[in-house]
Amino acid sequence: MESNEVLETIKERRSIFKYKEEDVSSEQIETILEAGRWAPSFANLQPWNFVVVRDQDKKKELYEIARRITLFREGLEEAPVVIAVAVDQEADPNHFVEAGAVASQNMALAAHSIGLSSYWIGVFDIDAEKNSAEKDVIEALDMNEDARVISLLPVGKPDQERTSERKDLEEIVIKE
């Protein structure tokens, strides 16, 4: 297979749950946000908003919310930065989830490409329940109550290494 920088970044990126006590610069965060901004969206509607959280009390509050819905929440308090990926459902009622998902993935890849790490905490609640983790994140971050939050991305310098295997292409590709 031909060497490709983007594919190598995709293959090397892993969900990291432990972060070093090192700051993440504003320039690094801007690079990550740029990657989110350039994600594809239906009809180029760009229905996303990104909330950058550095406040320790807010990160602790987000950790407590995530604790209710997932085992994968470690590092949320320790990460220097957490990015909430929100979307405007009214701007793109048919594809807002995909738009937020692809923006989240772009940002995770960008973080990896500059020597940082992240992982995805999915808080989106398809039923938009009033007592859901998603609604609690919206409230905790003082967001517009009509916002939909797709994910939380803790970001920091990795303090662990992880590996992963993938199925062979022959197992997952159907050729007609």
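Residues numbered from 1 in each chain as written. Predicted model: local features only at pLDDT ≥ 70, side-chain atom pairs only at ≥ 80, totals over all residues. Heavy atoms only, no water.

**Q** When you look at the confidence of the model for the protein chain in this model, what are you seeing that I'm missing?
**A** One rule of thumb: low pLDDT means the predicted coordinates there are not for detailed reading. Taken as a whole, the protein chain shows an average pLDDT of 91; of its residues, 98% reach a score of 70 or greater. Between the elements of the protein chain, mean pLDDT differs from a low of 84, seen in helix α1 (residues 5-12), to a high of 98, seen in helix α2 (residues 26-37). (pLDDT = per-residue confidence, 0-100. Helix = DSSP H or I, 4+ residues; strand = E, 2+ residues; numbered from the N terminus.)

**Q** Which parts of the structure should I look at to understand the packing of aromatic side chains?
**A** In this description, a pair of aromatic rings is defined by centroid distance and the angle of the planes. Considering all chains together, one arrives at 2 aromatic pairs under this definition. When the ring of Phe96 is compared with that of Phe124, the centres are 5.9 Å apart and the planes differ by 65 degrees; the resulting orientation is edge-to-face. Taken together, the residues span a long stretch of sequence, with Phe96 in helix α4 (residues 96-113) and Phe124 in the loop between β4 (121-122) and α5 (133-140) at a distance of 28 residues. The partly exposed category is assigned to Phe124, whose relative accessible area is 25%. (Phe/Tyr/Trp six-rings, centres within 6.5 Å; stacked < 30°, edge-to-face > 60°. Buried < 20%, exposed > 50% of the residue type's maximum accessible area, 1.4 Å probe, protein only.)

**Q** I'm lost on the nonpolar core in this one. Help?
**A** Nonpolar side chains in soluble globular proteins tend to end up buried together. Leu62, Leu76, Val137 and Leu152 are the most contacted members of the largest nonpolar core, which has 25 residues in total. Elements that contribute at least two residues to this core include exactly α3 (56-67), β2 (81-88), α5 and β5 (147-156). Those residues in contact with Val137, other than ones at most four positions away along the chain, are Leu62, Ile65, Val123, Val149 and Leu152. Counting residues in each nonpolar core, the second largest holds 20 residues, with Ile32, Val81, Val85 and Ala99 among its members. (Core = buried A, V, L, I, M, F, W, Y, C linked by side-chain atoms within 4.5 Å. Contact = heavy atoms within 4.5 Å.)

**Q** Hey, could you run me through the pattern of salt bridges in this one?
**A** Any two side chains of opposite charge can pair, on the condition that their charged atoms come close. Here the structure, examined in full by the defined rule, presents 6 salt bridges. Of the charged contacts, one joins Asp23 and Arg54 as a salt bridge, the two residues approaching to 3.2 Å between their closest N and O atoms. Of this pair, Asp23 sits in the loop between α1 and α2 while Arg54 sits in the loop between β1 (48-53) and α3, placing them 31 residues apart in sequence. Assessed through its relative accessible area of 35%, Arg54 is described here as partly exposed. (Salt bridge = Lys/Arg side-chain N within 4 Å of Asp/Glu carboxyl O.)

**Q** Would you explain the pairing of β5 in this entry?
**A** On a regular strand, each side chain points to the face opposite its neighbour's, so the side chains alternate between the two faces of the sheet. Among the 10 residues in β5, 10 count as buried, and that is most of the element. Bridge analysis of β2 against β5 gives 8 bridges, and the strand direction is antiparallel. By the bridge assignment for β5, Ala84 is matched with Leu152. Sheet topology note: the strand β3 (residues 117-118)/β5 ladder contains 2 bridges and is antiparallel. (Pairing = 2+ DSSP bridges.)

**Q** Would you explain the side chain of Arg14 in this entry?
**A** Considering the arrangement of structural elements, one finds Arg14 in the loop between α1 and α2. Not counting chain neighbours up to four residues away, the residues in contact with Arg14 comprise Ser118, Arg162, Thr163 and Ser164.

**Q** It is not clear to me how the layout of surface pockets should be interpreted in this structure. Could you clarify?
**A** In this structure, the largest pocket spans a volume of roughly 390 Å³. Around the largest pocket, the lining is made up of 14 residues, and of these Leu7, Ile10, Lys11, Arg166 and Lys167 lie nearest the centre. Mapped by element, the contributors of at least two residues to the lining of the largest pocket are α1, α4 and α6 (169-172). Broken down by element, the lining of the largest pocket gets its largest block of residues, 3 residues, from α1. Reported here for the second largest pocket is a volume of approximately 170 Å³. As for the second largest pocket, its lining consists of 13 residues, of which Glu12, Ile16, His112, Ser117 and Gln160 are closest to the centre. Here the lining of the second largest pocket is built from residues that sort into 3 nonpolar, 5 polar and 5 charged. (1 Å grid on protein atoms, 1.4 Å probe; cavity = no way out; pocket = protein on both sides within 12 Å on 5 of 7 lines; lining within 4 Å. Points joined across faces, edges and corners; volume = space filled by probe spheres on them. Nonpolar A, V, L, I, M, F, W, Y, C, P; charged D, E, K, R; others polar.)

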